[in-house]
Each structure stands twice: as structure tokens, then as C-alpha cells.
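Given next are the chains, with one letter for each unit.
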Amino acid sequence: MTTSEKALRSQRLNQITHEPHSKLDALVKAHAPFETRANFARFVVAQYLFQSELVDLYNNAELTAIVPDLPARCRAEAAKADLADLHTDIPAPVAGALKNPSKARALGWLFVSEGSKLGAAFLIKRAVALELSDTFGARHLGEPEGGRAEGWKSFVRTLDSLQFTAEEEAEIEQGAIDAFNRFTVLLEQAYATEAEPA
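Keep in mind the model is a prediction, meaning the values are calculated, not measured.

*Asks:* Summarise the nonpolar core; cite the residues concerned and give the values.
*Replies:* Core analysis: the biggest nonpolar cluster contains 55 residues, and Phe40, Leu57, Leu107, Leu110, Leu159 and Leu187 have the highest contact counts within it. Contributions of two or more residues to this core are made by helix H3 (18-30), helix H4 (37-53), helix H5 (55-58), helix H6 (61-66), helix H8 (76-85), helix H9 (103-127), helix H10 (148-161) and helix H11 (166-192). Here this core gets ten residues from one element, more than from any other, and that element is H9. Sequence-distant contacts of leucine 187, defined by excluding residues within four places in its chain, comprise Leu24, Leu27, Val28, His31, Phe43 and Ala46.

Okay, here's the thing in C-alpha cells:
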């Protein structure tokens, strides 16, 4: 595989996830998370559920060997603290969480999780209108250490440099699509439950 082909892996993942990504964006907008704190708390419930399902990936030795700062990138604890700030209970796990994925599939999920930090730059600006910030209620949207752009670029550089078989390429693509679909399920679940007054 040539370097130019490898360099396209992250771009290809962006292309193949365009549809589920667009659907998810539309769904988030439909739930209007920035209208009220109660609405935002539901959004944080979905974020917490998604991030908590990925804790094992962020702390996986094989994956940490590829991305050394992976454990520090996990946002499950930040989302948990946000729920406490918003007086919202920790949600029970939702059936269907990712279990023991292959390395390539796991990287597809992490691609989506890490990529969402770029969008968080816009979301945290809207959270400020609810008097929330990266130190209260919207910690999980805060700027990662070293900056959003640099963190993403270093992750993508690593991802694009890996040697994959055709089977692994298919697995990373499926992992990325599955991650968007899973977040969509968790978002629906979060807004389906009765919202507690925040």
C-alpha cells in the first residue's frame, strides 16, 4: 500500500460516516440541547453513556501502545462530573455496548469519539449561554490538554500510518459507522427517559 493510499484512511472514514454523522447532527438539533439546562442534561447523559462504554478501549494496552496518551483522552469522568453539576443521576448502562472489538474495529470507534472533540468547540460556546463551562456542567466539551486541533492531528497521523490488511480496513470502517449508530441509539434513549428538573 502506498503512502498516499494510507494517508487517505482518515479521509475515507470521514466520507463513509458522512450519512450517519449528518443524521446524528440533525437528531441533536431536534432535541435542542441548548434551550434549557434540563435539555442539556439529557445530552450529557448520552455523552456519558457513550464515553463510559469506551473506557476499556481508552485503557487498552494494545491500543495505548499505538496512541500513548489514549488514557488521558477519555472523557467519561468529565461527563460524570457534569452530570453531578447538573443534579442528574448516573444513567444505567444501555444494552448493546461494544464488547471486545478487534484492534481495527476499536480504532474506528475511537476515530469517532476523538473526532467529536472538534465539534465540541462549537457546542461549548452554546453551553456558555446556559451558564455552563469547561469547569462546570460542560467539562466533557472542554479543550483537551495540548489543544483540540493538535490532539486530533496527532491521532489521525498515527491512524493513517498504520499498516492494515484489507480485512482490517473493513473493520475500522464498520467500527466508525457502528460508533455513530450507537451514539444515535444512546441519544434517543437519553431523551426518551423522563427529564428530571435540572
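*Asks:* Explain unusual backbone geometry to me, using residue names and the numbers behind them.
*Replies:* At alanine 32, a position not held by glycine, the phi torsion is positive, near 45 degrees. As for its placement among the helices and strands, alanine 32 is situated in the loop between H3 and H4. Given the relative accessible area of 18%, alanine 32 is considered buried. Although it is not a glycine, histidine 87 adopts a positive phi angle of roughly 55 degrees. In this fold, histidine 87 is placed in the loop between H8 and H9.

*Asks:* Could you give me a rundown of the environment of threonine 135, with the residues and numbers involved?
*Replies:* Relative to the elements of secondary structure, threonine 135 occurs in the loop between H9 and H10. Polar side-chain contacts of threonine 135 include one of 3.0 Å to the side chain of serine 133.

*Asks:* How would you sum up the packing of aromatic side chains? Please name residues and give values.
*Replies:* If you walk through the whole model with that rule in mind, you get seven aromatic pairs. Ring centres of phenylalanine 40 and phenylalanine 43 lie 6.0 Å apart, and the angle between their planes is 40 degrees; this geometry places the pair in the tilted category. Of the two residues, phenylalanine 40 and phenylalanine 43 both sit in helix H4, three residues apart, roughly one turn of that helix. Residue phenylalanine 43 is classed as buried on the basis of its relative accessible area, which comes to 3%. A ring pair is formed by phenylalanine 50 and phenylalanine 183, whose centres lie 5.3 Å apart and whose planes are at 80 degrees; its orientation type is edge-to-face. In this pair, phenylalanine 50 is assigned in helix H4 and phenylalanine 183 in helix H11, connecting sequence segments 133 residues apart. The two residues phenylalanine 50 and phenylalanine 183 agree in class, both being buried. By the ring-pair criterion, three or more aromatic residues cluster together here, those being Phe34, Phe40 and Phe43.

What counts, and where the lines are drawn
- Residues numbered from 1 in each chain as written.
- Predicted model: local features only at pLDDT ≥ 70, side-chain atom pairs only at ≥ 80, totals over all residues.
- Heavy atoms only, no water.
- Core = buried A, V, L, I, M, F, W, Y, C linked by side-chain atoms within 4.5 Å.
- Buried < 20%, exposed > 50% of the residue type's maximum accessible area, 1.4 Å probe, protein only.
- Helix = DSSP H or I, 4+ residues; strand = E, 2+ residues; numbered from the N terminus.
- Contact = heavy atoms within 4.5 Å.
- Polar contact = N/O pair within 3.5 Å; in protein donor to acceptor, adjacent residues only side chain to side chain.
- Phe/Tyr/Trp six-rings, centres within 6.5 Å; stacked < 30°, edge-to-face > 60°.

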